[in-house]
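Notes for the structure review
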Amino acid sequence: MEATARARSAPAVFRDLARGLIGEPPIALLGGPPATALVAILIAVYAAALAVFGPVASEVLAAPTFIAAVVLSGPLAAAAWLASLAVTIAIIPLAELSRTGNGFDAPFVLASALVLRVIVVAAVSVRTDHFRREAMLARRLDSVLQIAQRLATTLDRSALLRAIVDETHRGIEADATVLRLVHGDRLEVVAWAGMDDAMAARLPVFSQGESWFGEISESGRPWVVDDSRRAAVAPIYDRYTGVFEFRGDIVVPLIHERKVIGSLSAVTLEPRQWEQSDVAFVSALGTHAAIALENAELLAQTQQRAAHLGVLQAASARLSRASGIEAVGRAIVEETRQIIDYHNARVYVLEPGGDVVPIAFEGIVGAYEKVDFALLRTRLGEGFTGWVAKHGVPLLIDDANLDPRGANIPGTDDVDESMLVVPMTYDSQVVGVITLSKLGLNQFDEDDRRLLLILADQAATALESARLLARSESLAGELRRLLDMSGQLSASLESRQVANIIARHLASALAVDECAISYWDRPNHRLATLGFFPVKPDVELTPYFDIAGFPQTRKVLEEQSTLFVDVEDPDADLAETALLRPEGYRSLVMLPLVAKGESIGLVELMSFGLIDLDVERLELARTMANEAAMALENARLYEEARALADRDQLTGFYNHRYFHERFGEEVLRAQRSRQPISVLMLDLDDFKLVNDTFGHLFGDQVLAWTAELIRSTLRESDIPARYGGDEFAILLPDTPADSAARAADRIRDAFASWAFESGSRRPVSISLAVGAATFPADGRTATELIAVADAALYREKRREAEAAAAPIAALSRRRTRPSRLSEPTGELSA
């Protein structure tokens, strides 16, 4: 394993010596074929002279030949020396050469020259190799400086990555070059040269501490391998098998501020003896690449932050313009998309009572696209959103499935998911939560959290402003409703009309389907229906409702509390739900009508869905109910006062004045509706005799009993009046002549069947005459109709006077009816 640059080894020195022995000289006065030819000629001349002249030639030519051999010797020169030796032996017999010794001068000259040559060449080679390496290093350093200048001026990150791998690939003459950068705990391929994109995509991605990544991360030094198939390092390269197999490998770490941010590697398909200059070149390039990449990253971050700042400013402006809570929520999810990539975004507001309610949702992937808002609701402390709402601390969650604070949305599957959840805080209080989700792990980072917190602060201000505006508008609306209702209530003092107005306004203000207004009849333990919305005819309304079997209703009235009933709630009052279910109602809200501290009635709000009244709307309902109670109480007091003015105190019937006013109104209504109307005039027989015989007090008792007996025969819509003295008048709306005749007969039969009893006195028989008239047959005005009815009355009196022969004893044979002056009788239908 070779992890650092190495010095020139001993085998390299011997390699240079051999090159000096049999190879071309690194330096020479002459070189190439001319030098070799010159040596051959010199040797041939030396051999010939030696053969001809003998020792003299050897002594004369040995020195120049030696010098020439040293300077010019090479492979061809050596061969020439051997050839000359062979020629000499051929010319001069070996015995002669041995005897004289001169023939062996040539070999000795050659040997001496070659030994000296080796020494000279070795010394020159070492020096020359040093100069060569220095020159190459200088060239590469100059190249690095040029590359560094280019990298420093490249601002585009993609262009920068391409420049790094291209310059490394060209400068070191590698077969392939790869640039990797650290992302999280992994080293991912980001740029390459010498291979196609498909092959680059198949290159392994290393994790922290894996393979050579762990070595360079720990040591911060280059990783150098001459042959990846060497046993010591071969297992490290197993992940490249079948992907991209190479032999020579050099990897240098990219370090910034003592932290490895990536790696730059060059490989060769064949083994390669990496030299120090190679390592120095790639290391220097890696250093400049790290600086350039960090500068580019800083520039990109600066530009991105400037862009984010622009988006945040635009988002702030949009949020400040949002006119409602839902509009604020919509702006948040849309503006967040401009700065943070997500698959799902939700915006929640914190409601009183601990409910965390969604106001906006945006989903763009699969199951995230549509989610029922009801499923997104949560409670304080529940799930990631509820946890942030409770603690006010942002959460950056790399794996949502591993965090115990999370909770699945019903109907969704467990998937690898990252989440970013931040609180919206206003005046140190959490008012809402922004929740982002994205499929996959480690999808959000600290920059995302920082940006979302900035947006959340702006959103909190906008949200509270929208709430204040909504409250102001709601308050203004409530005041308008109250003023409108008060104005309409002040225009009427009739209890039913007032109750209908109240029911309509309450139903509209609180968005319910129906509203009933009832008066509490305390003595009889019942509620009397006064008004309803939508308005219904009286015949469709239950006039009285017994509350004896409804303890919750009684509790609302007696304790002046509020009751909520949901028929789907298993704990709901069974008596109340039994009334609601048949009518199809889902929920009911009961409020007391309180006037001067006393409960006078009940407001019932009914809906076919679930009634959801928050604190503010419930307060509005109570305010309106109190206003309504005062209006109803005023109407009741007015009716009581009006009754004193319009009614006869003795009989309880309307008086003469009211009868004429009402008769005129009914005639006008009959004219418009083209419906008949009848009137009955009644007069007691011999009532003066009763007064003269038994006294006026007894006579008053008879008149009161008479009124009670007449009332028992009438319909609720009929209008009885004491016309004067012992005379009575009855107005019969929507009644033709034949029905009026039957009503007169019922009155006659009642008086014929009953006699007045008082104390110890004997029963007194009371008789009367009845006359009738009908609009329009008998007259078109009240005066005309009364005159016709009076005429009919007196005709009947004359007939009765003519039939006065009937025995007075008949009085004792009649049934008697007890007096009920203190207890009104029930009504009878016509």
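Rules behind the numbers
Residues numbered from 1 in each chain as written. Predicted model: local features only at pLDDT ≥ 70, side-chain atom pairs only at ≥ 80, totals over all residues. Heavy atoms only, no water. Helix = DSSP H or I, 4+ residues; strand = E, 2+ residues; numbered from the N terminus. Contact = heavy atoms within 4.5 Å. Areas by Shrake-Rupley, 256 points an atom, 1.4 Å probe, with all protein chains shown as cover. pLDDT = per-residue confidence, 0-100. Phe/Tyr/Trp six-rings, centres within 6.5 Å; stacked < 30°, edge-to-face > 60°. Buried < 20%, exposed > 50% of the residue type's maximum accessible area, 1.4 Å probe, protein only. Pairing = 2+ DSSP bridges. Axes fitted to C-alpha atoms, helices over the stretch in contact; angles between N-to-C directions. Salt bridge = Lys/Arg side-chain N within 4 Å of Asp/Glu carboxyl O. Core = buried A, V, L, I, M, F, W, Y, C linked by side-chain atoms within 4.5 Å.

**What about the overall build of the chain?**
Scanning the chain from N- to C-terminus turns up 24 helices and 22 strands. Within the chain, contacts between residues separated by at least 24 positions form 62% of all contacts whose residues are at least 6 apart in sequence. Of the roughly 42,400 Å² of accessible surface on the chain, 56% is carried by carbon and sulfur atoms.

**What to know about the confidence of the model for the chain**
For the chain, the mean per-residue pLDDT works out to 77, and 71% of the residues sit at or above 70. Confidence, read as mean pLDDT per element, is least for helix α1 (residues 10–22) in the chain (41) and greatest for strand β21 (residues 727–733) (95). Confidence over residues 97–104 falls short of pLDDT 50; this stretch has 15 contacts with residues more than four positions distant or in other chains.

**As for the packing of aromatic side chains**
By the definition in use, this model includes 16 aromatic pairs. Taking the centre distance of 6.2 Å and the plane angle of 50° together, the rings of Phe206 and Tyr240 count as tilted. Separated by 34 residues along the polypeptide, Phe206 in strand β3 (residues 206–207) and Tyr240 in the loop between β4 (223–225) and β5 (248–256) bring together distant segments of the chain. Of the residues examined, Phe206 reaches a relative accessible area of 0% and is grouped as buried. Geometrically, the ring pair formed by Phe698 and Phe756 is edge-to-face, given 5.2 Å between the ring centres and 75° between the ring planes. In this pair, Phe698 is assigned in helix α21 (residues 696–711) and Phe756 in the loop between α22 (737–753) and β22 (768–775), connecting sequence segments 58 residues apart. Assessed through its relative accessible area of 5%, Phe698 is described here as buried.

**Points about the side chain of Glu727**
By secondary structure assignment, the location of Glu727 is in strand β21. Not counting the four nearest positions on each side in its chain, Glu727 is found in contact with Leu682, Asp683, Arg722 and Tyr794.

**Some remarks on the sheet that holds strand β13 (residues 514–521)**
Within a sheet, adjacent strands bond to each other through the backbone by hydrogen bonds, running parallel or antiparallel. On the basis of which strands lie adjacent, the open sheet formed by six strands has the order β15-β14-β13-β18-β17-β16 and antiparallel pairing. Of all strands in the sheet, those bounded by a partner on one side alone are β15 (544–546) and β16 (563–566). With strand direction ignored, the average angle separating the axes of adjacent strands in the sheet is 30°. Pairing between β13 and strand β14 (residues 526–533): seven bridges, direction antiparallel. Paired with Ile517 across the bridge in β14 is Gly531. The sheet strands contacting helix α16 (residues 551–559) are β13, β14, β16, β17 (587–595) and β18 (598–607), and the helix crosses β18 at an angle near 130°.

**A look at the pairing of β21**
By the criterion of burial, β21 is predominantly enclosed, with seven of the seven residues buried. Going residue by residue along β21, you find Glu727, Ala729, Leu731 and Pro733 tucked away on one face and Phe728, Ile730 and Leu732 tucked away on the opposite face as well. Relative to β21, strand β19 (residues 677–684) runs antiparallel, the two being bridged by seven bridges. Within the sheet, the bridge partner assigned to Val679 lies in β21 and is Leu731. Sheet topology places strand β20 (residues 719–724) next to β21; five bridges connect them, and they run antiparallel. What sits directly across from Arg722, in β21, is Phe728. Joining the antiparallel neighbours β20 and β21 is a turn of two residues, in which Gly725 adopts a positive phi near 60°.

**Focus on the environment of Ala787**
When you line up the elements, Ala787 lands in helix α23 (residues 782–802). Between the C-alpha atoms of Ala787 and Gly771, which are 16 residues apart in sequence, the distance is 9.9 Å.

**Comments concerning the pattern of salt bridges**
Evaluation of the coordinates by the stated rule reveals 30 salt bridges. The shortest N-O distance in the salt bridge between Arg662 and Glu666 comes to 3.2 Å. With Arg662 and Glu666 both in helix α19 (residues 656–673), this residue pair falls four residues apart, about one helical turn. Given the relative accessible area of 23%, Arg662 is considered partly exposed. Among the salt bridges present, the one from Arg669 reaches Asp734, with a minimum N-O distance of 3.8 Å. One end of the pair, Arg669, is in helix α19; the other, Asp734, is in the loop between β21 and α22, and 65 residues separate them in sequence. By relative accessible area, which is 32% here, Arg669 ends up partly exposed. Using a relative accessible area of 41% as the deciding quantity, one classes Asp734 as partly exposed.

**Some remarks on the nonpolar core**
Membership of the largest hydrophobic core comes to 32 residues, with the highest contact counts inside it found for Met424 and Leu436. Residue assignment for this core shows that the elements contributing at least two residues are α11 (325–336), β7 (344–350), β8 (355–363), β11 (417–426), β12 (429–439) and α14 (446–490). Ranked by residue count, the leading element in this core is α14, at nine residues. Counting residues in hydrophobic clusters, the runner-up holds 31 residues, among them Leu591, Leu593, Met624 and Ala628.

**Quick word on unusual backbone geometry**
With omega at -5°, the peptide bond leading from Phe533 into Pro534 counts as cis. Its location among the elements puts Pro534 in the loop between β14 and β15. For the bond from Phe775 to Pro776, the omega torsion is 5°, close enough to zero to count as cis. Note that Pro776 resides in the loop between β22 and α23. At Arg258, a residue that is not glycine, the phi angle is positive and equals roughly 65°. Within the secondary structure layout, Arg258 lies in the loop between β5 and β6 (259–268). Residues other than glycine seldom take positive phi values, yet Ala511 does so here, at roughly 55°. Along the chain, Ala511 falls in the loop between α15 (495–510) and β13. According to the relative accessible area criterion, Ala511 is exposed, its value standing at 62%.

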